[in-house]
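Chain residues, written in single-letter form:
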Amino acid sequence: MPARATRKSWLFWIIAITIYVAAVFHRSTLGVAGLEAATRFGVGPAALSTFTVLQVAVYALMQVPTGLLVDRFGPRVILTAAALLLGVGEVTFGFADSYPLGLLARAVLAVGDAMTFVSVLRVVAATFPARTYPLLVSVSGMLGSAGNLLATIPLTLVLGHFGWTTTFVLAGILTAGYGAVLATGLRLPAEPASGGSATPIGLRDVLRGARAAWRVPGTRLGFWVHFATMVSPTTLSLLWGYPYLVTVQHLSAVDAGEVLAVLVVVALVANPVIGALTSRRRELRMPIVGGTLSVVAVVWTLLLALPGPLPFPALALAFAVFALGTPASSIGFALARDYNPVHRVGTATGVVNVGGFIATTFAALGVGLLVGAVGTGPAGYRIGLLAVVAVLLLGSWRVVVWLRRARAAVFAAEVRGEEVPVQLRRRRWDHDPVPEPAVTVAA
């Protein structure tokens, strides 16, 4: 780890962040284009949810392989491939006029999307001091939210003015063009001198790397933190927030876009605040996660129980609370960074990043199936969104389980005289220290 950041560190980070912003934009386009997509492809709620489920499932499946690829080939190669795949996927989606071709386009886009954030975090881990890692992860997430913001009101206006094909094809061409520029030879840090490895990565390598990261209790805690905190904002922003606001709360297209923009803006503002706080005081990480999950559960209960339509300020406040899950999810990456050696940070980050997108896959599919079974009216969406609450509760329970186990591993490491990432005070509910697994502190 470098002792201080340099100009090149910031340059490399800016280049990587630009691709990540584009990825978040492409990922989020169906958030406001979902109803138009249903009309264009002639599909109902269940089939519409398949777009998001497929996209998120592919993203999740690619996380561990991406972590290994980044660790093996370096972030420049992976980010270049990501930008090209994002461009190809979005151009194909713009021209698609059939449901199968639309699904294929979103799958290609998801592969490119999956390669971005792990690469960004690898750049941060390799070029910035360890003490700045949590803050830069949060700031990276904040800037990525700019892509989500572009996919709310601005995309709604552009779609209304230029139409489906022109909007998506132009966005895809711009992204692929940036990837082509990146491929011209600019070398990011922590890459092999040859730009690659002669040894191919097979399924055995993927499983071995994932298993090594998964055995670390801090990694597994990070996975469940990401799972529980990400499910609400991601499910709402990627697909089901806009139909819910229009159908159940009777908002106009522009007003619904504004509420979704609140979801993004609050996350954008809260990311650096939470990142800076947890950088200075690591012991606050899990209290912040626990408080966020508790408040989000209360807001879901009120939102689905109260008869609608609710006032615009109430909806904006509810979505602002949901937005807190995005910066809280970054704590999962900080756990992966602190409890794994630097050569395995990419893989561990990929494992953690799988959590939120597995949760979103289950939630988005559950909402689509329930709405399809009950109906597309207000009652159908209220029942459908219970799927999000169910996934949230599952993740919260697992966070508690693995928090206790991770704390026990830290106490055991202290008994062995090892350095630990954070000093903990024993509580009555803690497990007794166990000799295994040991805590691995990042170099």
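Parameters at a glance
- Residues numbered from 1 in each chain as written.
- Predicted model: local features only at pLDDT ≥ 70, side-chain atom pairs only at ≥ 80, totals over all residues.
- Heavy atoms only, no water.
- Helix = DSSP H or I, 4+ residues; strand = E, 2+ residues; numbered from the N terminus.
- Buried < 20%, exposed > 50% of the residue type's maximum accessible area, 1.4 Å probe, protein only.
- Areas by Shrake-Rupley, 256 points an atom, 1.4 Å probe, with all protein chains shown as cover.
- Salt bridge = Lys/Arg side-chain N within 4 Å of Asp/Glu carboxyl O.
- Core = buried A, V, L, I, M, F, W, Y, C linked by side-chain atoms within 4.5 Å.
- Contact = heavy atoms within 4.5 Å.
- Phe/Tyr/Trp six-rings, centres within 6.5 Å; stacked < 30°, edge-to-face > 60°.
- Lys NZ or Arg CZ within 6 Å of the ring centre and 35° of its normal.
- pLDDT = per-residue confidence, 0-100.
- Axes fitted to C-alpha atoms, helices over the stretch in contact; angles between N-to-C directions.
- Parallel < 35°, antiparallel > 145°, perpendicular 65-115°, else oblique.
- Left-handed = near helix turned anticlockwise from the far one by under 90°.
- Nonpolar A, V, L, I, M, F, W, Y, C, P; charged D, E, K, R; others polar.
- Patch = residues over 30% accessible without salt bridge, like charges linked within 9 Å, V, L, I, M, F, W, Y side chains within 5 Å.

A few words on the overall build of the protein chain. The secondary structure content of the protein chain amounts to 18 helices and zero strands. Looking at the protein chain as a whole, 58% of its 443 residues qualify as buried. Surface exposure of the protein chain reaches about 16900 Å², of which carbon and sulfur atoms provide 69%.

Glancing now at the pattern of salt bridges. Enumeration according to the criterion identifies two salt bridges in this entry. Salt-bridge contacts for aspartate 113 lead to arginine 27; the nearest nitrogen and oxygen are separated by 2.7 Å. One end of the pair, aspartate 113, is in helix 5 (residues 99-114); the other, arginine 27, is in helix 1 (residues 7-28), with 86 residues separating them in the sequence. For aspartate 113, a relative accessible area of 1% corresponds to the buried category. For arginine 27, a relative accessible area of 10% corresponds to the buried category.

Generally speaking, soluble globular proteins have nonpolar side chains that are buried together. Counting residues in hydrophobic clusters, the biggest one holds 129 residues, and the most contacted among them are Leu221, Leu245, Trp300, Phe319, Phe322 and Leu385. With 15 residues, the single largest contributor to this core is helix 11 (residues 217-247). Among all residues touching phenylalanine 319, those that are not within four sequence positions of it are Leu236, Leu245, Val259, Leu260 and Leu263.

Attention now moves to the environment of alanine 57. As for its position among the elements, alanine 57 is in helix 3 (residues 45-73). By relative accessible area, alanine 57 is classed as partly exposed at 24%. In this structure the C-alpha to C-alpha distance between alanine 57 and alanine 107, which are 50 residues apart in sequence, comes to 9.0 Å.

Counted by the stated rule, this structure contains 20 aromatic pairs. Relative to phenylalanine 357, the ring of tyrosine 59 lies with its centre 3.9 Å away and its plane at 35°, an arrangement referred to as tilted. Note that tyrosine 59 is positioned in helix 3 and phenylalanine 357 in helix 16 (residues 345-374), a separation of 298 residues in sequence. The buried category is assigned to tyrosine 59, whose relative accessible area is 2%. Of the residues examined, phenylalanine 357 reaches a relative accessible area of 2% and is grouped as buried. Linked through ring pairs, Phe41, Phe51, Phe93, Tyr99, Trp164 and Phe168 together constitute an aromatic cluster. Sitting above the plane of the phenylalanine 93 ring, arginine 106 keeps its charged end 4.7 Å from the centroid. Positioned over the ring face of tryptophan 397 is arginine 398, at 4.7 Å from the centre of the ring.

Turning our attention to the confidence of the model for the protein chain. On average, residues of the protein chain score 81 in pLDDT, and 85% of them are at 70 or above. The weakest mean pLDDT in the protein chain belongs to helix 10 (residues 203-214) at 72; the strongest belongs to helix 14 (residues 312-323) at 95. Low pLDDT, under 50, characterises residues 190-199; the stretch is placed with 21 contacts to residues that sit more than four places away or in other chains. Counted against residues more than four places away or in other chains, residues 435-443, with its pLDDT under 50, gives 31 contacts.

Look at helix 1 against helix 9 (residues 164-182): their axes get within 11 Å of each other, and the N-to-C directions meet at 155°. Considering the angle they form, helix 1 stands roughly antiparallel to helix 9. Both helix 1 and helix 9 take part in a crossing whose hand is left-handed. In this structure, helix 1 contributes Ile15, Thr18, Ile19, Ala22, Phe25 and His26 to the contact, and helix 9 contributes Ala171, Gly172, Thr175, Tyr178 and Leu182. Taken together, the residues of the contact of helix 1 with helix 9 sort by class into seven nonpolar, four polar and no charged.

On to a nonpolar patch on the surface, then. Judged by side-chain polarity, Leu370, Val374, Ile383 and Leu386 come together as a nonpolar surface patch covering roughly 300 Å² of accessible area. Considering the arrangement of structural elements, one finds isoleucine 383 in helix 17 (residues 378-384).

By secondary structure assignment, the location of serine 49 is in helix 3. Owing to a relative accessible area of 0%, serine 49 belongs among the buried residues under this scheme. Once residues within four sequence positions are removed from consideration, serine 49 is found in contact with Leu239, Trp240, Ala364, Leu365 and Gly368.

Even without glycine at this site, histidine 250 takes up a positive phi of about 60°. Mapped onto the fold, histidine 250 is located in the loop between helix 11 and helix 12 (253-280). Overall, histidine 250 belongs to the exposed group, its relative accessible area being 54%.

Take the packing of helix 13 (residues 285-305) against helix 14 next. At their nearest, the axes of helix 13 and helix 14 sit 9 Å apart, and the two run at 150° to each other. In terms of their interaxial angle, helix 13 and helix 14 are classed as roughly antiparallel. The element helix 13 and its partner helix 14 pack so that their crossing is left-handed. Two secondary-structure elements touch here, helix 13 through Val295, Val296, Val299, Trp300 and Leu303 and helix 14 through Leu315, Ala318, Val321 and Phe322. Here the residues of the contact of helix 13 with helix 14 are counted per class, giving nine nonpolar, no polar and no charged.

Residue position: isoleucine 331 is located in helix 15 (residues 325-339). Take isoleucine 331: its relative accessible area is 3%, and that puts it in the buried class. A sequence separation of 197 residues divides isoleucine 331 from proline 134, and the C-alpha atoms of the two residues are 7.5 Å apart. Not counting residues within four places of it along the chain, the set of residues in contact with isoleucine 331 comprises Thr278, Arg285, Ile288 and Val289.

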